[in-house]
Every structure is written in structure tokens, then in C-alpha cells.
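Understanding the architecture of this molecule
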Amino acid sequence: MNYIKFMALTILAYLSLSGFASSKDIEINIIPKPVSVKTYKGHFSITQKTKIFYNFENGHIENIASALNNHLKKFYSFNPLKFSFSNESNKGSIFLKLNTGSKMPKEGYKIEVSKNGVTIEASSPNGLFYGVQTLIQMMPSKADKISEIKLQRVLIDDYPRFEWRGLHLDVCRHFMPKEFVLKYIDYMSMHKLNTFHFHLTEDQGWRIEIKKYPLLTEVGSKREETLIGSGRTSKQYDGVPHSGFYTQEDIKEIVEYAAKRYVNVVPEIEMPGHALAALAAYPHLGCTSGPYKVATRWGVFDDVMCAGKESTFEFIEDVLEEVLNLFPSEYIHIGGDECPKTKWIECPLCQKRIEQEGLKDEHELQSYFIQRAERFLNSKGRKLIGWDEILEGGLAPNAAVMSWRGVEGGIAAAKQSHYVVMTPGSHCYFDHYQADPLTQPLAIGGFTPLEKIYSYEPVPDILSQDEARYIMGAQGNVWTEYMKTTDHVEFMVYPRAAALAEVVWSEKSERDYKEFLKRLQEQVKRYDVYGINYSKTALDK
Ligand code: ACM
Ligand code: ZN
């Protein structure tokens, strides 16, 4: 070997060892921001020949490998990568390593991308799934038919801050097709959101089939027409009937689909208020004989379920029984918000109940109502969660509270050692305007731009460390009075749900809005390919 050739080889060897021989570093832009990311020189490339190995004997591999394969197909027109069992990693491949004995947090994961391949390790399948979601976000975000997907060499250690990372959807004010609900769940899982709050019953429509009460959907899922314009001022209606509901088969499909994406579906069955659709179907549920009509405008209505009649509680237990058979969720949401007491004051049966039970007033009657629902749920091994009005008149013994009228309800509940999900209207309502109303489609009101959501801190300062443990997390709420179409829902939800995802996943000290916006520029390229109709307001600046 002559000297020049020797020197050339030496330099080449040095460059390739230090990583300089390959192309430049790829920026890591993950949402929500991981706890720790360390990058190193060098790359590993996924090609059509890359194999996936996994070391566990259960059904989860399909869910986890499919998440990866679906993305590879959508973005890069890849055929599915093959996967097979192996106890150890193999050179040039992706290794999904389940280590149930490890002390890693349940939804946490570690990723190592080396020149020899990728290892994702977790103590649960949930963690492996999230590791794959992160890996996906490390891939080039421009859809392209490329044959070699370069990943930066990296060590990532990541886990969520909160266990309840929620997104809600009201399918009652406007019915949303099942296919859309499935996509909604997909996009949640992309953002490591894990709790889908499915708001299924309302004044304006009952949307879940209950076999024992067929009129709930035959009558209750249909309204004659819908208000046009602002609920505060308008008296104009569209004259167009609106209807829709999910069969029990649809519900099973949604719940299974969500489970494969490690999303828990929490159903909400509203009681005793927001129940006009149920009253229209079964007038005996009300304090008077009616007649009742499925509501055609928005707001809060005086007609609610009668708390005096035993038949009301029979109905509720029957409905919940079917709901429990469909939803494995530990928590069942029973609503409990905005229940006027006017009819209870006039109703002899409600007044008799107050007297017989030695209750102080109608607030305690509401509390009695919720406690009966809780007793039923607890007897079936489930837990009750309700809006913060369930604090009024005394909280049911084991109830969790969803704090929406500000954070006070959440604080009061945590101080009483009850679990809490924070979802204050000020920061977590995605039906509010996200930009100057003059530039936006009509919304219910409010002003909750992306930055405001991003700035939200779910644990109020006033709570002690012990009390703070009761804050399970936070959730974005999506009420659809003013969202007639699925496109409009997406416009209101994204990218605000991405901001919320980071609020519930990442430590507050790690959050930096400007830097988030930079990462979001990459994330929205994925939204483009998935066809998410997100709002560009916050990105255009
Ligand atoms: C609510 O927004 N009425 C819970
Ligand atoms: Zn009554």
C-alpha cells in the first residue's frame, strides 16, 4: 500500500467512525416532547428488507407492528415489514423488547437507534406502541416514495407525566359517523393521548343503541331541525331533520379499534339533566307527563329526569348495564352537569323523596341521584366520574370529578381525596375560538388560542404534594353545537390537541412554546398526508 492510499483509507475510516462520512444530522422533532433525547453521529436506515423481531407471546404484536407498517405504507408506499419472534435483537433489524419485570413506567419506553438497528424497550405493550409512535416521528415527515428511511442515532427515554390524557367528542349536538370516530382515535394515539371521552347522550340526541329501550334511538336520536346561528340570539331554524346513532356492533368496533391503539373509551351517559332526548322517548322519566321533544336549540333545559320515581333508577341501571357490557373502562361518566332544579321543586314525587330521605334541598337530591348511580357502578366493579356539579350537595363516596367550570371543583375534590380530571373552560375547551372571531367560523364564544392551551398547568399551585396526587390529568373538550361537519371538528381540534398532548405528557419545566411551534411545523406535514383539516392560524405567524 502506498502512502497516499494509506492516508486516504485512514481518513475515510476516521470519518465513518465519527459519523461524518454519512450525511448530516437529522433533527428530532417529537410531539409530545420526550423526557430525554440524546443524539449521536450516524444513522440507521429502514428499508423494505428490514425485519421486526419481538420477544413476547401475546396478541399485542399485531397492534404495534401495524402502527409502524400503516405509517410506512401511507408515507413511503412500503410493503409491510415482516415480523417474527426472537429472544434477542438481530443486526439490521427493529427489536421490540417487552420487559414486564422492569421498573419502567407503564406507558414509558426507551429507544436505541444504533448503526446496527433499532431497539424499543418497554414494560408494557402500551410503552412499545408509544415507542413506535416516536420512531414514526423520527422519520422524514415529507411523504415520498423513498426506499431508505434514515433514522438518526439516538437514545430516548420517555414516559408520561399524567395517566389521564384525554380528548372528548360530543356526537350528540351533531352526529359524527363511525369512520370519523375511528380516525379521531387514530390521531389521538399519534399524540399519545390515551382516554377518549365519548359523549353519547344529550338533549339534542341519544346516540347509542340500548336494546331494552329501543325508543331511545327510534325517537331520541332524531330531531326535527336545528337552530341556525348563535344560540344566544337566533330564532331561525334550518328545517332539516338531523339524526344518527351507533349500534352496539358499532360501539364494539370503536372500543376494539381504540384498544388496539391503547386508547380507553370512557362513555358518558348524561343524568339527570341534558336528557331531553331520553324524555322524548320515554316521557315517564320526567317529572311531568310532557310531552317532550328532542331539543332543536342549544342551552340548558328545565326538563330533567325525575329523582322521585323508582322507575327512573330502574331505567338508569338497565341502560348502564348494557353500557358496561360494551365498555370495559374502569370509569363511566354519568354527566351530572347543568341540571336545573325548577321541575324538582314543583314535583310532588321529588319533594317526597327529599322528605323521606331527610335531604336538605334539591342539591342534596341531585347528590342522592348520583350516589345511587355510583352504588350501581361500584357494585359492578366500576368507578363513577362526573362533571364538577356532582360536588354540590355532597360528593358520592368514590366519585371522580371532571373540573370544567374553572379549576375550583377540581381543587375541592382533590382536597377531599377524590380523583380529578382537569378540563377548565378557560384552557381546555376546543369549541372556543382559537383566533380573532372575525376571521373564524361561528363558535360558541371564548378565546383559547394554541399558546393558551400550551401554557396550561393541570396541577393548581394551591394543592399540597399529597393533594396533587389526585390530579389524574387533563382533557380537551369538543362540544359540537357549532361544528356540523367532521372537517370543522378537525379544524377546532388540531393542532390544539397537540398542545394539550404535551401539557399532559411532558413536565412543565420542559415546555417552551416557541420550540413547540418549531416541532409542530414537522408534525403538520404528517397532518397533511393524513388529511387532517387542522387550523393554520398559529403556524402562519
Ligand atoms: C359542560 O361543558 N357542560 C360540561
Ligand atoms: Zn320529579
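Residues numbered from 1 in each chain as written. Chains lettered and ligands numbered in written order. Predicted model: local features only at pLDDT ≥ 70, side-chain atom pairs only at ≥ 80, totals over all residues. Heavy atoms only, no water.

A word on the overall build of the protein chain. A count of helical and extended segments in the protein chain gives 18 helices and 21 strands. Expected size for 541 residues packed as a compact globule is a radius of gyration near 24 Å; at 26 Å, the protein chain falls within 12% of this value. Its C-alpha atoms give the protein chain principal-axis dimensions of roughly 105 × 50 × 45 Å. For the protein chain, with 541 residues in total, the buried portion stands at 58%. When contacts within the protein chain are restricted to residue pairs at least 6 apart in sequence, long-range pairs at least 24 apart make up 73% of them. With the model as given, the accessible surface of the protein chain reaches about 22,600 Å², and the carbon-plus-sulfur share is 52%. Taking the average location of the 64 positive side-chain charges in the protein chain and that of its 69 negative ones, the two points are 8 Å from each other. (Helix = DSSP H or I, 4+ residues; strand = E, 2+ residues; numbered from the N terminus. Rg over C-alpha atoms; globule rule 2.2 N^0.38 Å. Buried < 20%, exposed > 50% of the residue type's maximum accessible area, 1.4 Å probe, protein only. Contact = heavy atoms within 4.5 Å. Areas by Shrake-Rupley, 256 points an atom, 1.4 Å probe, with all protein chains shown as cover. Lys, Arg positive; Asp, Glu negative; His and termini not counted. Charge placed at Lys NZ, Arg CZ, Asp CG, Glu CD.)

Side chains bearing opposite charge may pair, as long as their charged atoms lie close to each other. Enumeration according to the criterion identifies 31 salt bridges in this entry. The shortest N-O distance in the salt bridge between K33 and E510 comes to 3.8 Å. Separated by 477 residues along the polypeptide, K33 in the loop between α1 (3–18) and β1 (36–47) and E510 in the loop between α17 (496–505) and α18 (513–530) bring together distant segments of the chain. Given a relative accessible area of 35%, E510 falls into the partly exposed group. A salt bridge links K383 to E330; the shortest N-O distance between them is 2.7 Å. In this pair, K383 sits in strand β18 (residues 383–387) while E330 sits in the loop between α8 (310–326) and β17 (331–335), placing the two residues 53 residues apart along the sequence. In this structure K383 comes out as partly exposed when scored by relative accessible area, which is 32%. According to the relative accessible area criterion, E330 is partly exposed, its value standing at 41%. One network of salt bridges, with partners in common, ties together K33, E502, E510, E515 and R519. (Salt bridge = Lys/Arg side-chain N within 4 Å of Asp/Glu carboxyl O.)

On to the coordination of the zinc ion (ligand 2), then. In the first shell of the zinc ion (ligand 2), the protein supplies C287 (SG), C306 (SG), C347 (SG) and C350 (SG), at 2.3 to 2.4 Å from the metal. For the zinc ion (ligand 2), the four donor atoms in the first shell make angles of 106 to 114° at the metal, a pattern classed as tetrahedral. Positions of the donor residues of the zinc ion (ligand 2), expressed as sequence spacing, correspond to C-x18-C-x40-C-x2-C. Taken together, the residues span a long stretch of sequence, with C287 in the loop between α7 (276–281) and α8 and C350 in helix α10 (residues 348–356) at a distance of 63 residues. Using a relative accessible area of 0% as the deciding quantity, one classes C350 as buried. (Donors = N, O, S within 2.8 Å, 3.2 Å for Na, K, Ca; no water. Tetrahedral: all angles 85-135°; square planar, octahedral: opposite > 155°, others 65-115°.)

Take unusual backbone geometry next. That bond from I31 to P32 is cis: its omega, -5°, falls within 30 degrees of zero. Of note, P32 is situated in the loop between α1 and β1. Omega for the bond connecting G290 with P291 falls within 30 degrees of zero, at 0°, which places this linkage in the cis form. If you check the backbone angles, E338 has positive phi at about 45° while not being a glycine. Overall, E338 belongs to the partly exposed group, its relative accessible area being 27%. Although it is not a glycine, S417 sits at a positive phi angle of roughly 60°. In this structure, S417 sits in the loop between α12 (408–415) and β20 (420–422).

This paragraph deals with the nonpolar core. Formed by 124 residues in total, the largest nonpolar core has its most connected members in F198 and F315. If you look at the next biggest cluster of nonpolar residues, it comprises 39 residues, including L81, I111, V118 and I156. (Core = buried A, V, L, I, M, F, W, Y, C linked by side-chain atoms within 4.5 Å.)

Summarising burial for strand β21 (residues 471–476): six of the six residues are buried, a large majority. As paired elements, strand β8 (residues 164–170) and β21 share four bridges and run parallel to each other. Residue pairing in the sheet places R165 in a bridge with A474 of β21. Pairing analysis gives three bridges linking β20 to β21, with the strands arranged parallel. For V421, the partnering residue across the bridge sits in β21 and is G473. (Pairing = 2+ DSSP bridges.)

Right, let's talk about the packing of helix α2 (residues 60–76) against helix α3 (residues 125–138) for a bit. Two elements in contact, α2 and α3, have axes whose closest approach is 10 Å; the angle formed by their N-to-C orientations is 10°. Relative to α3, α2 is oriented roughly parallel. Across from H60, N63, I64, A67, L68 and H71 in α2, the residues of α3 making contact are P125, L128, F129, V132, Q133, L135 and I136. Grouping the constituent residues of the contact of α2 with α3 by class yields nine nonpolar, four polar and no charged. (Axes fitted to C-alpha atoms, helices over the stretch in contact; angles between N-to-C directions. Parallel < 35°, antiparallel > 145°, perpendicular 65-115°, else oblique. Nonpolar A, V, L, I, M, F, W, Y, C, P; charged D, E, K, R; others polar.)

Another aspect to go through is the pairing of β8. Within β8, seven of the seven residues are buried, which leaves the element mostly enclosed by the surrounding structure. Here β8 shows two buried faces, one formed by W164, G166, H168 and D170 and the other by R165, L167 and L169. Judged from the five bridges that link them, β8 and strand β9 (residues 195–199) form a sheet pairing that is parallel. Pairing of H168 across the sheet is with H197, part of β9. Between β8 and its parallel partner β9, the chain crosses via helix α4 (residues 178–190), and the hand of that crossover is right-handed. (Right-handed = clockwise from strand over helix to strand, strands pointing away.)

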